[in-house]
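Observations on the model geometry
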Amino acid sequence: MEDNGCFADDVTYNVIVQGFMRCSKISKMATFMKKIAGRGFSFDSTTAELLVNIIKENPSLIDMIPELHSESKK
């Protein structure tokens, strides 16, 4: 996309992240989030709700997403 001058925004990123979560591809989602780190991405309410529900089902998944750790926010 970016090679053609079409830059992604929060809507694009949220759709991609939601797709990874809905297909249970958490590892790929974590890799993608590392790739877009520093671009000012914010979860929308749908993405946040999906993430919360997935983590409620399997709390160990939060370890796969360093951006969600409180230590990385300091």
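Residues numbered from 1 in each chain as written. Predicted model: local features only at pLDDT ≥ 70, side-chain atom pairs only at ≥ 80, totals over all residues. Heavy atoms only, no water.

Per an unreviewed UniProt entry, the protein carries the name Pentatricopeptide repeat-containing protein and comes from Anisodus tanguticus.

Observations concerning the packing of helix α1 (residues 10–22) against helix α3 (residues 45–57)
Axis separation between α1 and α3 bottoms out at 10 Å; the angle between their running directions is 25 degrees. The pairing of α1 with α3 is recorded here as roughly parallel in orientation. Judged by the sense of rotation from one axis to the other, the crossing of α1 with α3 is left-handed. Two secondary-structure elements touch here, α1 through Asn14, Val17, Gln18, Met21 and Arg22 and α3 through Thr46, Thr47, Leu50, Leu51 and Ile54. Partitioning the contact of α1 with α3 into residue classes produces five nonpolar, four polar and one charged. (Axes fitted to C-alpha atoms, helices over the stretch in contact; angles between N-to-C directions. Helix = DSSP H or I, 4+ residues; strand = E, 2+ residues; numbered from the N terminus. Parallel < 35°, antiparallel > 145°, perpendicular 65-115°, else oblique. Left-handed = near helix turned anticlockwise from the far one by under 90°. Contact = heavy atoms within 4.5 Å. Nonpolar A, V, L, I, M, F, W, Y, C, P; charged D, E, K, R; others polar.)

Observations regarding the side chain of asparagine 14
Structurally, the position occupied by asparagine 14 is in helix α1. Look at asparagine 14 and you get buried, because its relative accessible area is 3%. A polar atom in the side chain of asparagine 14 sits 3.2 Å from the backbone oxygen of serine 42. Leave out the neighbours within four places in its chain, and asparagine 14 touches Phe41, Ser42, Phe43, Asp44 and Thr47. (Buried < 20%, exposed > 50% of the residue type's maximum accessible area, 1.4 Å probe, protein only. Polar contact = N/O pair within 3.5 Å; in protein donor to acceptor, adjacent residues only side chain to side chain.)

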